[in-house]
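Below, each chain spelled out in residue letters.
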Amino acid sequence: MEFSAKQIAEFLQGRVEGNPEATVNSFAKIEEGRPGGISFLSNPKYTHYLYDTRSTIVLVNDDVALEHPVSATLIRVKNAYESVARLLQLYESMKPRKTGIDPQAFISPTAQIGKDCYIGAFAYIGDHAVVGDGCQIYPQAYVGDGVSLGNQCLIYPHVTIYHDCRLGNSVTLHAGCVIGADGFGFAPSADGYDKIPQIGIVTIEDNVEIGANTCVDRSTMGSTYVRKGVKLDNLVQIAHNTDIGENTVMSAQVGIAGSTKVGQWCMFGGQVGVAGHITVGDHVNMGAQSGVNSSVESNRTMIGTPPMETRPYFKSMAIFRRLPEMYKEISRLQQEIEELKEKTGHNE
């Protein structure tokens, strides 16, 4: 389908600068622009591509000042990144949805399947499972006994949802994601380690998206919680009995240890590690590779191990780089002091 700059600007409540009848039918990165493509500019590092991109339309922020003429038609909006996200959501919603149950899928006679669902070949739906309306379950996904899926869930291939776990509405689980595997619970004994049965479940609330090969472990008792609006990247580990607050986002390889509570609207960079049995407040931002070993108050932006506020952290890193030369200087000064002591007779 084709859309004109005028139509896109009306949808985004933006302003056209150039040809309002210019049309596009695809998306393109600004550095890889092509005729008929729409691109966006939100990072100032990419501004120089604006002047020679071949894309037909480019979304830019209202405050972008042009230093040279551009050939593309511009649509000025308040936030180009948010605007392209809205366009991509619109594009995604217009794709045809799969429907129907493949004859090679296995569905238990006691399972309940909602209206307008798609269940692909070799998918497995266990005893007493409940699948809500409009769900799409791709080939080779496993939905265990007693699992409950809300409406409009999207379960990609090779996802495994262990028994009795609960998913809300509009939950997306990407390929290889595992929900409800046993928590890492073992008690030391004279003969090794005795397994502690993990008899709880995982509860995932509405509008959660979980990336490929991410694991959310079931609780020892009660439930592990992933609250409404949470977004987890690929290769994230959420341990047993944790509670991840609403609208929190975590980048790849984040690890949250057991029985930890993470607040709302937190943002964790890649490879952040959080110790068990602590509380992280609301609106906490953690820089990549931070190691969090104690509770953190709300409204903090931190980095490092142990984490500290960003300003003193970067000051400390600047000093850390100078440590070799500082060590040499201190050694030289110590030697001079010793020599002065010998000359003055103050050796005590």
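Residues numbered from 1 in each chain as written. Predicted model: local features only at pLDDT ≥ 70, side-chain atom pairs only at ≥ 80, totals over all residues. Heavy atoms only, no water.

Draft legend 1. How the structure looks around the side chain of threonine 242. Checked against the element boundaries, threonine 242 lands in the loop between strand 29 (237–238) and strand 30 (243–244). Side-chain polar atoms of threonine 242 contact the backbone oxygen of alanine 239, separated by 2.9 Å. With residues near it in sequence (within four places) discarded, threonine 242 still touches Ser223, Thr224, Tyr225, Ile256, Ala257, Gly258, Ser259 and Thr260. (Helix = DSSP H or I, 4+ residues; strand = E, 2+ residues; numbered from the N terminus. Polar contact = N/O pair within 3.5 Å; in protein donor to acceptor, adjacent residues only side chain to side chain. Contact = heavy atoms within 4.5 Å.)

Draft legend 2. Looking closely at the nonpolar core. Residues Ile161 and Phe268 are the most contacted members of the largest nonpolar core, which totals 50 residues. Counting 14 residues, the second-largest nonpolar core is a separate cluster that includes Ala5, Ile8, Leu12 and Val24. (Core = buried A, V, L, I, M, F, W, Y, C linked by side-chain atoms within 4.5 Å. Buried < 20%, exposed > 50% of the residue type's maximum accessible area, 1.4 Å probe, protein only.)

Draft legend 3. Region of the structure containing helix 1 (residues 5–12). Every buried residue of helix 1 is listed here: Ala5, Ile8, Ala9 and Leu12. Projected onto a plane normal to the axis of helix 1, the buried residues spread over an arc of 100° and lie on a single side. At the exit of helix 1 stands glutamine 13, carrying a positive phi of roughly 55°. (Arc of directions from axis to C-beta.)

Draft legend 4. Representation of the sheet that holds strand 11 (residues 118–119). If you walk across this open sheet you meet the 12 strands as 8-11-14-17-20-25-28-31-34-37-39-40, and the pairing is mixed. Only two strands of the sheet have a single neighbouring strand rather than two, namely strand 8 (100–101) and strand 40 (308–309). Relative to strand 11, strand 8 runs parallel, the two sharing two bridges. Residue pairing across strands places glycine 100 opposite tyrosine 118, the latter belonging to strand 11. (Pairing = 2+ DSSP bridges.)

Draft legend 5. Geometry of the packing of aromatic side chains. Throughout the structure, instances matching the rule amount to nine aromatic pairs. Centre to centre, the rings of tyrosine 124 and tyrosine 142 are 5.1 Å apart; their planes meet at 10°, and the pair counts as stacked. With a gap of 18 residues between them, tyrosine 124 in strand 12 (residues 124–125) and tyrosine 142 in strand 15 (residues 142–143) connect regions that are remote in the sequence. For tyrosine 124, a relative accessible area of 30% translates into the label partly exposed. The rings of Phe106, Tyr124 and Tyr142 are connected pair by pair, giving a single aromatic cluster. The cationic tip of arginine 86 hangs over the ring face of phenylalanine 11; the distance from NZ or CZ to the ring centre is 4.8 Å. (Phe/Tyr/Trp six-rings, centres within 6.5 Å; stacked < 30°, edge-to-face > 60°. Lys NZ or Arg CZ within 6 Å of the ring centre and 35° of its normal.)

Draft legend 6. Geometry of a nonpolar patch on the surface. A cluster of nonpolar side chains, contributed by Phe184, Phe186 and Tyr193, occupies part of the molecular surface with about 430 Å² of accessible area. Checked against the element boundaries, tyrosine 193 lands in strand 23 (residues 192–195). (Patch = residues over 30% accessible without salt bridge, like charges linked within 9 Å, V, L, I, M, F, W, Y side chains within 5 Å. Areas by Shrake-Rupley, 256 points an atom, 1.4 Å probe, with all protein chains shown as cover. Salt bridge = Lys/Arg side-chain N within 4 Å of Asp/Glu carboxyl O.)

Draft legend 7. Molecular detail of the sheet that holds strand 35 (residues 273–274). On the basis of which strands lie adjacent, the open sheet formed by 10 strands has the order 9-12-15-18-21-26-29-32-35-38 and parallel pairing. The sheet terminates laterally at strand 9 (106–107) and strand 38 (291–292), the two strands that pair on one side only. As paired strands, strand 26 (residues 215–217) and strand 29 are joined by two bridges and run parallel to one another. Looking at strand 29, one finds that cysteine 215 is bridged to glutamine 237.

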